[in-house]
Number of protein chains: 2
Amino acid sequence: MEHRIEQIKKQLHAQSYKLTPQREATVRVLLEREEDHLSAEDVYLLVKEKSPEIGLATVYRTLELLSELKIVDKINFGDGVSRYDLRKEGAKHFHHHLVCIECGSVEEIVNDLLEDVERIVQNDWGFEVKDHRLTFHGICKQCQQSAVKAN
Amino acid sequence: MEHRIEQIKKQLHAQSYKLTPQREATVRVLLEREEDHLSAEDVYLLVKEKSPEIGLATVYRTLELLSELKIVDKINFGDGVSRYDLRKEGAKHFHHHLVCIECGSVEEIVNDLLEDVERIVQNDWGFEVKDHRLTFHGICKQCQQSAVKAN
DNA sequence: TCTTTTAATTATAATAATTATAAAATAGTA
DNA sequence: TACTATTTTATAATTATTATAATTAAAAGA
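What you see is a predicted model; the values in this text were computed from it and never measured.

Here is what the cut-offs are and how they apply
- Sequence order sets the numbering: in each chain, residues are counted from 1 along the sequence as written.
- To label them, take the chains in the order written and letter them from A, then take the ligands in the order written and number them from 1.
- Only residues with pLDDT of at least 70 are given local features in this predicted model, and only at 80 or more are side-chain atom pairs given and counted; all residues enter the totals for whole chains, interfaces and linings.
- As a rule here, side-chain values come from all non-hydrogen atoms in the structure, and water together with hydrogens is ignored.
- A helix here means a DSSP run of H or I that spans at least four residues, while a strand means a run of E at least two residues long, and both kinds are numbered starting from the N terminus.
- For each residue, the accessible area found with a 1.4 Å probe, counting protein chains only, is set against the maximum for its type, and the residue is called buried under 20%, exposed over 50%, and partly exposed in between.
- Residue contacts are defined here by distance: any two heavy atoms, one from each residue, within 4.5 Å place the two residues in contact.
- The Shrake-Rupley method, run with a 1.4 Å probe sphere, supplies the accessible areas, and residue values consider only the shown protein chains as cover.
- None of His or the chain ends enter the tally, which takes Lys and Arg as positive and Asp and Glu as negative.
- Each charge is placed at NZ for Lys, CZ for Arg, CG for Asp and CD for Glu.
- Consider each residue's heavy atoms; a residue with any of them within 4 Å of a molecule or strand counts as near.
- Only Asp, Glu, Lys and Arg are considered charged in this grouping, and only Ala, Val, Leu, Ile, Met, Phe, Trp, Tyr, Cys and Pro are considered nonpolar; every other residue, Gly among them, is considered polar.
- Between Lys or Arg on one side and Asp or Glu on the other, a salt bridge is scored when a side-chain nitrogen of the former is within 4 Å of a carboxyl oxygen of the latter.
- The definitions used throughout rest on a 1 Å grid laid over the protein atoms alone, on which a cavity is an enclosed set of points accommodating a 1.4 Å probe that cannot get out and a pocket is an open set flanked by protein within 12 Å on both sides along at least five of seven lines; lining residues are those having an atom within 4 Å of a point.
- Grid points are joined across faces, edges and corners, and a volume is the space filled by probe spheres set on the points.
- For the least-squares superposition of copies, only C-alpha atoms count, and only for residues with pLDDT at least 70 in both.
- Definition of a polar contact: a pair of N or O atoms within 3.5 Å, with one able to donate and the other able to accept a hydrogen when the atoms are protein atoms, and with sequence-neighbouring residues admitted only if both atoms are side-chain atoms.

Participant: How would you explain the overall build of chain A if you had to name every residue and give the values?
Facilitator: A count of helices and strands for chain A gives six helices and six strands. Based on the C-alpha atoms only, the size of chain A along its principal axes is roughly 50 × 45 × 30 Å. For chain A, the proportion of its 151 residues judged to be buried stands at 45%. Once local pairs closer than 6 in sequence are excluded, the contacts in chain A between residues at least 24 apart make up 48%. Counting only carbon and sulfur atoms, one obtains 48% of the accessible surface of chain A, whose full area is about 8200 Å². Charge centroids of chain A, computed over 21 positive and 27 negative side chains, lie 4 Å from each other.

Participant: Give a description of the protein's contact with DNA strand D that names residues and reports values.
Facilitator: By nearness alone, 17 residues border DNA strand D, and Thr20, Gln22, Thr58 and Arg61 of chain A together with Tyr60 of chain B come closest of all. Each atom of DNA strand D within 4 Å of the protein was classed as base or backbone; sugar and phosphate made up 78%. A total of three residues in the surface near DNA strand D trace back to one element, the largest contributor, which is helix α4 (residues 56-68) of chain B. The residue inventory of the surface near DNA strand D, partitioned by class, reads six nonpolar, six polar and five charged.

Participant: Provide a residue-level description of the pattern of salt bridges, including the pertinent values.
Facilitator: All names here are of chain A. Summed over the entire model, instances satisfying the criterion amount to 30 salt bridges over all chains. Put simply, Glu24 and Arg28 hold a salt bridge, and the shortest N to O gap is 2.8 Å. Residue Glu24 and its partner Arg28 are both found in helix α2 (residues 21-32); the two are separated by four residues, about one turn of the helix. Given a relative accessible area of 22%, Arg28 falls into the partly exposed group. By sharing partners, the salt bridges in this structure join Lys70, Asp73, Arg87, Asp131 and Arg133 into a single network.

Participant: Give me the lowdown on the layout of surface pockets, citing residues and values where you can.
Facilitator: Of the pockets and cavities examined, the second largest pocket occupies roughly 190 Å³. Forming the walls of the second largest pocket are 13 residues, and the residues nearest its centre are Asp116 and Val117 of chain A together with Leu113, Asp116 and Val117 of chain B. Split into classes, the residues belonging to the lining of the second largest pocket amount to seven nonpolar, no polar and six charged.

Participant: Tell me about the relation of the copies chain A and chain B, and name the residues and values.
Facilitator: For these two chains of identical sequence, chain A goes onto chain B by a turn of 180° and a shift of 0.0 Å along the axis, with RMSD 0.1 Å. Here the symmetry operator amounts to a two-fold rotation axis. Minimal C-alpha distance to the rotation axis in chain A is attained by Leu134 of chain A, lying at 2.3 Å. The residues that chain A uses at the interface reappear at the interface of chain B in 100% of cases, marking a shared surface.

Participant: Explain the protein's contact with DNA strand C to me, using residue names and the numbers behind them.
Facilitator: Near DNA strand C lie 17 residues; those nearest to it are Tyr60 of chain A together with Thr20, Gln22, Thr58 and Arg61 of chain B. In DNA strand C, atoms within 4 Å of the protein come from the sugar-phosphate backbone in 77% of cases. In the model, a sugar or linking oxygen of DNA strand C is placed 2.9 Å from a nitrogen or oxygen of the Gln22 of chain B side chain. With respect to DNA strand C, the side chain of Thr58 of chain B contributes an N or O atom lying 2.7 Å from a phosphate oxygen. Within the residue set of the surface near DNA strand C, elements represented by two or more residues are α4 (56-68) of chain A together with α2 (21-32) and α4 of chain B.

Participant: Kindly report on the environment of Glu89 of chain A, identifying the contributing residues and their values.
Facilitator: Residues and elements named next belong to chain A. Inspection of the secondary structure puts Glu89 in the loop between β3 (83-86) and β4 (96-100). Here Glu89 falls in the partly exposed class, since its relative accessible area comes to 44%. Along the primary structure Glu89 and Val148 are separated by 59 residues, whereas in three dimensions their C-alpha atoms are 38 Å apart. Ignoring sequence-local partners within four residues, the contact set of Glu89 consists of His3, Arg4 and Gln7.

Shown next as structure tokens:
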């Protein structure tokens with residue numbers, strides 16, 4: 001954890017941004033809840049638990065900044081709120097998501113499944129891929145099993 | 001065009017919804033601007049040109065309805081507005097997008113490039129894929145060429 | 001056809017997410 | 001320590017979207 005904070009501090013300094021206590025608190029929340037997909041409001045409430053004096057606008061600004069520096073990725077699952085997801089250490093691309101349309105759970109896939117597809121896009125469309133967003137919508141394992149039991 | 005209107009009318013009737021003049025006007029705009037990615041506001045302004053008495057809320061409601069019936073897909077490219085995209089005739093899946101980070105242009109890919117990937121997700125994660133969202137961010141052909149010329 | 005019921009629209013207000021602003025506080029540096 | 005540029009706070013403003021109540025239009029039944 002401390003190692004990643006240090007790393008992020010360096011990334012900020014490299015662009016002459018400071019790691020203020022508010023920013024650090026925000027990053028810590030993101031690290032602690034790495035497997036979640038928190039909205040700005042969620043992050044705000046969690047940061048507030050430890051640093052009650054922080055303002056919502058600061059959280060928004062920090063998330064925006066981290067987003068620009070590609071430290072977090074901003075995603076939208078179509079529910080009207082932006083969610084913020086820490087990029088895995090050293091990951092070149094954003095990871096993928098499996099969103100269950102039954103229970104709403106979100107699972108992550110770290111593997112890069114798109115290498116072939118990106119090659120095709122590059123060759124056949126002449127589009128230079130820098131990043132991607134891939135989300136599958138469907139039924140998760142748990143819900144499939146519950147459905148079987150219910151019958 | 002008339003053929004697709006008829007088709008959509010049937011889809012609505014199948015769920016006992018009506019194709020009201022407002023809904024028809026909205027669908028016509030979507031058909032006329034099929035290659036675009038219009039926001040609700042965009043659609044509203046275009047519909048208003050021909051049917052000035054329509055209200056914004058009606059457009060929202062219509063788009064929501066079409067979205068539920070999978071006639072249009074609601075997408076979000078991260079700029080804070082939802083965009084609505086007609087699903088290709090008979091298409092099972094949503095098509096993909098290439099978003100240029102230089103000029104903001106959005107290109108569509110109709111081909112289904114994800115068959116293999118979906119099989120992997122299905123087998124290795126036990127996730128039953130119903131639909132997907134795939135967007136690539138990068139540099140489009142035009143911007144690549146402009147960049148070369150500029151040097 | 002006339003009436004009744006239901007669905008859809010309008011006009012507006014309300015909400016919810018996000019961004020902007022000006023004053024105050026803070027961090028890094030001379 | 002003092003200076004200068006950033007950053008934060010507190011709040012207001014904006015923007016997108018949704019809800020509400022009254023009205024209108026459409027379909028169904030007599």
